[in-house]
Amino acid sequence: QVQLVESGGGLVQAGGSLRLSCAASGIIVRLRTMAWYRQAPGKQRELVAEITGGGGTRYADSVKGRFTVSRDNVKNAVYLQMNSLKPEDTAVYYCKTVRNGDEIWGQGNQVTVSS
């Protein structure tokens, strides 16, 4: 059974930092693309960042230079380091991968940035 479990969200003031973690079981993260998405109230879910099996990364324009996606192959986990947070970063953040054509999502983790 594939499972993605996120942690690390919370409340932070604008300009602060948070690190989200996504612990995976049932898959090997270094062999596939792992992505972070977010969904703010009343908005569509959007891609924030992703890291491929080869280690390549890409980011949404809105977070470039502030967020960093990484992984730990030993812990089989993916991370999203979020710096210089802004109120508009407030959202539920999700970890996601695709296995055999099926999308697998974590449970979501609330990030709230106060101004």
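To be clear, the structure that these remarks concern was listed above.
The structure reproduced in this document is the subject of the present report.

About the thresholds
- Residues numbered from 1 in each chain as written.
- Predicted model: local features only at pLDDT ≥ 70, side-chain atom pairs only at ≥ 80, totals over all residues.
- Heavy atoms only, no water.
- Buried < 20%, exposed > 50% of the residue type's maximum accessible area, 1.4 Å probe, protein only.
- Helix = DSSP H or I, 4+ residues; strand = E, 2+ residues; numbered from the N terminus.
- Pairing = 2+ DSSP bridges.
- Salt bridge = Lys/Arg side-chain N within 4 Å of Asp/Glu carboxyl O.
- Contact = heavy atoms within 4.5 Å.
- Axes fitted to C-alpha atoms, helices over the stretch in contact; angles between N-to-C directions.

1. Some words on the pairing of strand β1 (residues 3-7)
Residues of β1 alternate between two faces, with Leu 4 and Glu 6 buried on one and Gln 3, Val 5 and Ser 7 left unburied on the opposite face. One ladder, built from five bridges, connects β1 with strand β3 (residues 18-25); its direction is antiparallel. Residue pairing across strands places Val 5 opposite Ala 23, the latter belonging to β3.

2. Regarding the pattern of salt bridges
Counted according to the given criterion, the structure contains six salt bridges. A salt bridge links Lys 64 to Asp 61; the shortest N-O distance between them is 3.1 Å. Its relative accessible area of 65% is what places Asp 61 among the exposed residues. Asp 89 is the partner of Arg 66 in a salt bridge, and the nearest nitrogen-oxygen pair spans 2.7 Å. Here Arg 66 is found in the loop between β6 (57-59) and β7 (67-72), whereas its partner Asp 89 is found in the loop between β8 (77-82) and β9 (91-99), with 23 residues between them in sequence. Taking relative accessible area as the criterion, Arg 66 reaches 10% and is therefore assigned buried.

3. A few points about the environment of Thr 33
Along the chain, the position of Thr 33 falls in the loop between β3 and β4 (34-39). Taking C-alpha positions, Thr 33 is 13 Å from Tyr 79, a pair spaced 46 residues apart along the chain. Among all residues touching Thr 33, those that are not within four sequence positions of it are Glu 50, Ile 51, Thr 52, Gly 53, Lys 96 and Thr 97.

4. Remarks on the environment of Lys 75
Tracing the sequence through the fold places Lys 75 in the loop between β7 and β8. Expressed as a C-alpha distance, the spacing of Lys 75 and Ile 28, which sit 47 residues apart in the sequence, is 10.0 Å.

5. A closer look at the sheet that holds β8
Taken in spatial order, the four strands of this open sheet run β1-β3-β8-β7, and their pairing is antiparallel. Looking along the sheet, the strands with just one partner apiece sit at the ends: β1 and β7. Strand-to-strand twist in this sheet, taken as the mean axis angle between neighbours without regard to direction, amounts to 15°. Relative to β8, β7 runs antiparallel, the two being bridged by six bridges. Considered in β8, the bridge of Phe 67 is made with Met 82.

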